[in-house]
Amino acid sequence: MELRNLRHFVTLAEERSFTRAAARELIVQSGLSSSIRTLEKDVGALLFVRGTRPVRLTAAGEALVAEARRTLDAAAAARQVVQDVQGVLSGRFRIGTIHSIGHTLPFDSWLAEFALAHQGVEIVVRQEAALRMVEMVSNGELDCALLPADRDLGLAVLPLVSEPIVLACAPDHPLAGQRTVRLAQLDGERFVETPVGWAIRALLDEKFRAAKLTRRIAVEVNDWATVLDLTGAGVGVALIPQGLDFTRHPRRPELRLIPVADLHLERRLDLVFPAGTAASPATRRFVELLERHCPAAPSG
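Keep in mind that what you see is a predicted model, and the values were worked out from it rather than measured.

### A closer look at helix H2 (residues 18-25)
Thinking step 1. Within H2, the full set of buried residues consists of Ala 21, Ala 22 and Glu 25. Considered in projection along H2, the buried side chains sweep an arc of 100 degrees and stay on one side of the axis.
Thinking step 2. As for H2, its buried residues are in contact with helix H1 (3-15), helix H3 (29-43) and strand S3 (91-97).
Thinking step 3. Capping the start of H2, Ser 17 holds a side-chain oxygen 3.3 Å from the backbone nitrogen of Thr 19, two or three residues further along.
Thinking step 4. Once H2 finishes, Leu 26 follows within two positions and takes phi at roughly 60 degrees, a positive value.

See the structure below:
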(Lines give C-alpha, C1' and ligand atoms only; values in the text may rest on other atoms or scores of the structure.)
Protein backbone atom coordinates (compact mmCIF):
# COMPACT_ATOMS: atom_id res chain seq x y z
CA MET A 1 0.00 0.00 0.00
CA GLU A 2 1.60 3.26 -1.15
CA LEU A 3 1.19 6.61 0.56
CA ARG A 4 0.53 8.20 -2.81
CA ASN A 5 -2.53 5.99 -3.32
CA LEU A 6 -3.79 6.77 0.19
CA ARG A 7 -3.39 10.50 -0.45
CA HIS A 8 -5.33 10.22 -3.72
CA PHE A 9 -8.06 8.28 -1.90
CA VAL A 10 -8.41 10.90 0.85
CA THR A 11 -8.45 13.74 -1.69
CA LEU A 12 -11.22 12.08 -3.70
CA ALA A 13 -13.16 11.36 -0.50
CA GLU A 14 -12.97 15.07 0.41
CA GLU A 15 -13.64 16.53 -3.04
CA ARG A 16 -16.30 13.97 -4.09
CA SER A 17 -15.31 14.66 -7.70
CA PHE A 18 -12.66 13.01 -9.90
CA THR A 19 -12.18 16.29 -11.77
CA ARG A 20 -11.56 18.39 -8.64
CA ALA A 21 -9.49 15.70 -6.94
CA ALA A 22 -7.25 15.23 -9.98
CA ALA A 23 -6.76 18.98 -10.29
CA ARG A 24 -5.87 19.23 -6.58
CA GLU A 25 -3.33 16.41 -6.90
CA LEU A 26 -1.98 17.80 -10.20
CA ILE A 27 -2.54 14.56 -12.10
CA VAL A 28 -4.82 13.49 -14.95
CA GLN A 29 -8.12 11.80 -14.11
CA SER A 30 -7.00 8.50 -15.61
CA GLY A 31 -4.00 8.53 -13.28
CA LEU A 32 -6.25 9.18 -10.29
CA SER A 33 -8.59 6.36 -11.32
CA SER A 34 -5.65 3.98 -11.69
CA SER A 35 -4.35 4.95 -8.25
CA ILE A 36 -7.75 4.30 -6.65
CA ARG A 37 -8.03 0.90 -8.38
CA THR A 38 -4.57 -0.05 -7.10
CA LEU A 39 -5.56 0.85 -3.55
CA GLU A 40 -8.80 -1.09 -3.85
CA LYS A 41 -6.80 -4.12 -4.99
CA ASP A 42 -4.45 -3.70 -2.01
CA VAL A 43 -7.27 -3.55 0.56
CA GLY A 44 -9.46 -6.10 -1.18
CA ALA A 45 -12.61 -3.98 -1.39
CA LEU A 46 -14.31 -1.33 -3.50
CA LEU A 47 -13.92 2.07 -1.86
CA PHE A 48 -16.24 4.19 -4.03
CA VAL A 49 -19.66 3.50 -5.52
CA ARG A 50 -19.20 3.57 -9.26
CA GLY A 51 -21.29 5.90 -11.43
CA THR A 52 -22.50 8.27 -8.68
CA ARG A 53 -22.28 12.05 -8.76
CA PRO A 54 -21.05 13.38 -6.46
CA VAL A 55 -18.66 10.51 -5.85
CA ARG A 56 -19.86 8.43 -2.90
CA LEU A 57 -17.86 6.22 -0.55
CA THR A 58 -18.80 2.59 0.07
CA ALA A 59 -19.01 1.32 3.65
CA ALA A 60 -15.43 0.06 3.28
CA GLY A 61 -14.36 3.49 2.03
CA GLU A 62 -16.03 5.25 4.97
CA ALA A 63 -14.20 2.91 7.34
CA LEU A 64 -10.84 3.61 5.68
CA VAL A 65 -10.95 7.43 5.58
CA ALA A 66 -10.00 8.12 9.20
CA GLU A 67 -7.20 5.53 9.23
CA ALA A 68 -5.88 6.81 5.90
CA ARG A 69 -5.70 10.35 7.28
CA ARG A 70 -3.90 9.12 10.39
CA THR A 71 -1.41 7.19 8.26
CA LEU A 72 -0.71 10.23 6.09
CA ASP A 73 -0.36 12.45 9.17
CA ALA A 74 2.06 9.94 10.72
CA ALA A 75 4.14 9.88 7.54
CA ALA A 76 4.17 13.70 7.45
CA ALA A 77 5.23 13.77 11.11
CA ALA A 78 8.06 11.34 10.37
CA ARG A 79 9.29 13.57 7.55
CA GLN A 80 9.01 16.58 9.82
CA VAL A 81 11.18 14.95 12.49
CA VAL A 82 13.98 14.80 9.95
CA GLN A 83 13.28 18.34 8.76
CA ASP A 84 13.33 19.57 12.37
CA VAL A 85 16.96 18.55 12.62
CA GLN A 86 17.64 21.07 9.87
CA GLY A 87 15.19 23.63 11.27
CA VAL A 88 12.89 23.40 8.23
CA LEU A 89 9.09 23.13 8.31
CA SER A 90 7.52 21.15 5.45
CA GLY A 91 4.35 19.36 4.38
CA ARG A 92 0.80 20.60 3.84
CA PHE A 93 -0.93 23.08 6.15
CA ARG A 94 -4.73 23.11 5.79
CA ILE A 95 -6.43 26.06 7.44
CA GLY A 96 -10.09 27.05 7.38
CA THR A 97 -11.57 30.53 7.67
CA ILE A 98 -15.04 32.04 7.67
CA HIS A 99 -16.01 34.30 4.78
CA SER A 100 -16.00 37.60 6.67
CA ILE A 101 -12.74 37.41 8.59
CA GLY A 102 -10.95 40.20 6.73
CA HIS A 103 -12.77 43.09 8.39
CA THR A 104 -11.92 41.85 11.89
CA LEU A 105 -8.47 40.27 11.74
CA PRO A 106 -5.46 40.78 9.43
CA PHE A 107 -5.60 37.14 8.33
CA ASP A 108 -3.98 37.80 4.94
CA SER A 109 -1.00 39.48 6.62
CA TRP A 110 -0.60 36.63 9.11
CA LEU A 111 -0.81 34.05 6.34
CA ALA A 112 1.75 35.93 4.24
CA GLU A 113 4.14 36.15 7.19
CA PHE A 114 3.78 32.41 7.83
CA ALA A 115 4.20 31.50 4.15
CA LEU A 116 7.35 33.61 3.76
CA ALA A 117 8.86 32.19 6.96
CA HIS A 118 8.10 28.56 5.97
CA GLN A 119 8.49 28.33 2.22
CA GLY A 120 8.67 24.52 2.30
CA VAL A 121 5.04 24.32 3.47
CA GLU A 122 2.17 23.94 1.02
CA ILE A 123 -0.72 26.04 2.39
CA VAL A 124 -4.35 25.25 1.56
CA VAL A 125 -7.06 27.70 2.69
CA ARG A 126 -10.70 26.57 2.83
CA GLN A 127 -13.76 28.76 3.44
CA GLU A 128 -16.73 26.90 4.88
CA ALA A 129 -19.52 27.43 7.40
CA ALA A 130 -18.15 27.56 10.94
CA LEU A 131 -19.94 24.47 12.22
CA ARG A 132 -18.73 22.47 9.24
CA MET A 133 -15.14 23.55 9.88
CA VAL A 134 -15.31 22.42 13.50
CA GLU A 135 -16.21 18.98 12.16
CA MET A 136 -13.36 19.16 9.62
CA VAL A 137 -10.78 20.00 12.31
CA SER A 138 -12.11 17.21 14.52
CA ASN A 139 -11.89 14.56 11.79
CA GLY A 140 -8.55 15.69 10.38
CA GLU A 141 -9.70 17.34 7.13
CA LEU A 142 -8.29 20.65 8.41
CA ASP A 143 -5.30 21.31 10.66
CA CYS A 144 -6.95 24.36 12.25
CA ALA A 145 -9.61 26.95 11.56
CA LEU A 146 -10.41 30.57 12.35
CA LEU A 147 -14.04 30.74 13.42
CA PRO A 148 -16.38 31.76 16.25
CA ALA A 149 -15.92 29.05 18.91
CA ASP A 150 -18.78 29.66 21.32
CA ARG A 151 -19.15 26.18 22.81
CA ASP A 152 -17.17 23.25 24.18
CA LEU A 153 -15.70 21.83 21.00
CA GLY A 154 -13.33 19.24 22.42
CA LEU A 155 -10.51 21.17 20.70
CA ALA A 156 -7.86 23.65 21.79
CA VAL A 157 -9.04 27.24 21.38
CA LEU A 158 -6.91 30.36 20.99
CA PRO A 159 -9.19 33.41 21.54
CA LEU A 160 -8.32 36.24 19.16
CA VAL A 161 -10.99 38.95 19.13
CA SER A 162 -14.64 39.60 19.89
CA GLU A 163 -17.05 42.26 18.64
CA PRO A 164 -20.63 43.17 19.55
CA ILE A 165 -23.58 42.18 17.38
CA VAL A 166 -25.88 45.12 16.61
CA LEU A 167 -29.13 45.69 14.76
CA ALA A 168 -28.78 47.03 11.21
CA CYS A 169 -31.76 48.62 9.48
CA ALA A 170 -32.56 51.06 6.69
CA PRO A 171 -32.81 54.77 7.61
CA ASP A 172 -36.60 54.78 7.08
CA HIS A 173 -37.28 51.73 9.26
CA PRO A 174 -39.51 52.46 12.32
CA LEU A 175 -36.65 51.50 14.65
CA ALA A 176 -34.03 53.63 12.87
CA GLY A 177 -34.39 56.63 15.17
CA GLN A 178 -33.85 54.73 18.42
CA ARG A 179 -30.61 54.85 20.37
CA THR A 180 -31.05 51.24 21.53
CA VAL A 181 -33.54 48.45 20.90
CA ARG A 182 -34.76 45.59 23.04
CA LEU A 183 -34.91 42.06 21.68
CA ALA A 184 -38.70 41.93 22.16
CA GLN A 185 -39.05 44.82 19.69
CA LEU A 186 -37.75 42.50 16.97
CA ASP A 187 -40.50 39.94 17.48
CA GLY A 188 -42.10 39.19 14.10
CA GLU A 189 -39.65 41.35 12.12
CA ARG A 190 -38.50 40.35 8.63
CA PHE A 191 -34.80 39.46 8.67
CA VAL A 192 -32.03 39.23 6.11
CA GLU A 193 -30.07 36.25 7.39
CA THR A 194 -26.99 34.12 6.91
CA PRO A 195 -27.43 30.37 6.30
CA VAL A 196 -28.06 27.68 8.86
CA GLY A 197 -24.62 26.31 9.72
CA TRP A 198 -23.05 29.73 10.22
CA ALA A 199 -22.12 30.17 13.88
CA ILE A 200 -23.76 33.60 14.15
CA ARG A 201 -27.03 32.19 12.76
CA ALA A 202 -26.96 29.38 15.33
CA LEU A 203 -26.39 31.94 18.12
CA LEU A 204 -29.26 34.17 17.02
CA ASP A 205 -31.66 31.28 16.48
CA GLU A 206 -30.89 30.08 20.00
CA LYS A 207 -31.43 33.54 21.57
CA PHE A 208 -34.78 34.12 19.85
CA ARG A 209 -35.95 30.60 20.70
CA ALA A 210 -35.00 31.07 24.37
CA ALA A 211 -36.90 34.37 24.48
CA LYS A 212 -39.93 32.75 22.76
CA LEU A 213 -39.75 35.33 19.98
CA THR A 214 -40.24 34.79 16.26
CA ARG A 215 -38.61 36.32 13.25
CA ARG A 216 -39.42 35.91 9.60
CA ILE A 217 -36.48 35.13 7.32
CA ALA A 218 -37.14 37.27 4.24
CA VAL A 219 -33.89 36.38 2.46
CA GLU A 220 -31.04 34.03 3.31
CA VAL A 221 -27.65 34.74 1.72
CA ASN A 222 -24.12 33.49 2.35
CA ASP A 223 -22.12 36.71 2.26
CA TRP A 224 -22.20 39.80 4.44
CA ALA A 225 -21.99 42.26 1.56
CA THR A 226 -25.36 41.08 0.25
CA VAL A 227 -26.82 41.09 3.78
CA LEU A 228 -25.87 44.77 4.06
CA ASP A 229 -27.15 45.62 0.57
CA LEU A 230 -30.55 44.03 1.14
CA THR A 231 -30.88 45.48 4.64
CA GLY A 232 -30.06 48.96 3.36
CA ALA A 233 -32.66 48.51 0.62
CA GLY A 234 -35.32 47.85 3.27
CA VAL A 235 -35.89 44.15 2.60
CA GLY A 236 -35.53 43.43 6.31
CA VAL A 237 -33.41 44.08 9.36
CA ALA A 238 -30.26 42.15 10.28
CA LEU A 239 -28.18 41.43 13.35
CA ILE A 240 -24.59 41.85 12.25
CA PRO A 241 -21.07 42.13 13.72
CA GLN A 242 -20.52 45.82 14.44
CA GLY A 243 -17.18 45.95 12.67
CA LEU A 244 -18.41 44.95 9.21
CA ASP A 245 -16.87 47.47 6.81
CA PHE A 246 -19.78 48.70 4.73
CA THR A 247 -18.17 52.11 4.19
CA ARG A 248 -15.95 50.81 1.38
CA HIS A 249 -18.97 50.58 -0.93
CA PRO A 250 -20.00 54.17 -1.73
CA ARG A 251 -23.19 53.14 -3.57
CA ARG A 252 -24.48 51.04 -0.67
CA PRO A 253 -27.55 52.61 1.00
CA GLU A 254 -26.90 54.12 4.39
CA LEU A 255 -27.55 51.85 7.36
CA ARG A 256 -28.45 52.54 10.97
CA LEU A 257 -26.55 50.45 13.51
CA ILE A 258 -28.33 50.17 16.87
CA PRO A 259 -27.14 48.34 20.02
CA VAL A 260 -29.42 45.69 21.54
CA ALA A 261 -29.82 46.95 25.12
CA ASP A 262 -31.18 43.97 27.01
CA LEU A 263 -29.03 41.21 25.60
CA HIS A 264 -25.26 41.07 25.26
CA LEU A 265 -24.49 39.50 21.91
CA GLU A 266 -21.02 39.19 20.49
CA ARG A 267 -19.23 37.31 17.79
CA ARG A 268 -15.91 35.85 18.80
CA LEU A 269 -13.19 34.80 16.43
CA ASP A 270 -10.82 32.10 17.65
CA LEU A 271 -8.32 29.65 16.27
CA VAL A 272 -9.39 26.07 16.93
CA PHE A 273 -7.00 23.15 16.55
CA PRO A 274 -6.36 19.66 17.96
CA ALA A 275 -5.06 19.71 21.51
CA GLY A 276 -1.55 18.69 22.52
CA THR A 277 0.57 16.51 20.27
CA ALA A 278 -2.37 15.91 17.93
CA ALA A 279 -1.71 19.35 16.42
CA SER A 280 0.53 19.25 13.35
CA PRO A 281 3.96 20.94 13.46
CA ALA A 282 2.70 23.62 11.04
CA THR A 283 -0.30 24.28 13.28
CA ARG A 284 1.93 24.69 16.33
CA ARG A 285 4.09 27.22 14.47
CA PHE A 286 1.00 29.10 13.29
CA VAL A 287 -0.32 29.21 16.87
CA GLU A 288 3.03 30.66 17.98
CA LEU A 289 2.74 33.34 15.31
CA LEU A 290 -0.78 34.30 16.41
CA GLU A 291 0.25 34.34 20.07
CA ARG A 292 2.94 36.87 19.18
CA HIS A 293 0.38 39.08 17.47
CA CYS A 294 -2.32 38.54 20.13
CA PRO A 295 -0.29 38.22 23.36
CA ALA A 296 -3.30 38.82 25.61
CA ALA A 297 -5.07 35.72 24.29
CA PRO A 298 -3.63 32.52 25.84
CA SER A 299 -4.74 29.22 24.33
CA GLY A 300 -7.01 26.88 26.30
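### A short note on the packing of H1 against H3
Thinking step 1. Packing of H1 against H3 leaves a shortest axis separation of 9 Å and a crossing angle of 110 degrees. When the axis of H1 is compared with that of H3, the two are roughly perpendicular. Our pair here, H1 against H3, has a crossing hand that is left-handed. Contact residues: H1 offers Arg 4, Asn 5, Leu 6, His 8, Phe 9 and Leu 12, while H3 offers Leu 32, Ser 35, Ile 36, Thr 38, Leu 39 and Asp 42.

### Points about the side chain of Thr 11
Thinking step 1. Among the structural elements, Thr 11 can be located in helix H1.
Thinking step 2. In terms of polar contacts, Thr 11 uses its side chain to reach the backbone carbonyl oxygen of Arg 7, at 2.9 Å.
Thinking step 3. At 2.7 Å, the side chain of Thr 11 and the side chain of Glu 25 are in polar contact.
Thinking step 4. Not counting the four nearest positions on each side in its chain, Thr 11 is found in contact with Ala 21, Arg 24 and Glu 25.

Reading the values: rules and limits
- Residues numbered from 1 in each chain as written.
- Predicted model: local features only at pLDDT ≥ 70, side-chain atom pairs only at ≥ 80, totals over all residues.
- Heavy atoms only, no water.
- Buried < 20%, exposed > 50% of the residue type's maximum accessible area, 1.4 Å probe, protein only.
- Helix = DSSP H or I, 4+ residues; strand = E, 2+ residues; numbered from the N terminus.
- Arc of directions from axis to C-beta.
- Contact = heavy atoms within 4.5 Å.
- Polar contact = N/O pair within 3.5 Å; in protein donor to acceptor, adjacent residues only side chain to side chain.
- Axes fitted to C-alpha atoms, helices over the stretch in contact; angles between N-to-C directions.
- Parallel < 35°, antiparallel > 145°, perpendicular 65-115°, else oblique.
- Left-handed = near helix turned anticlockwise from the far one by under 90°.

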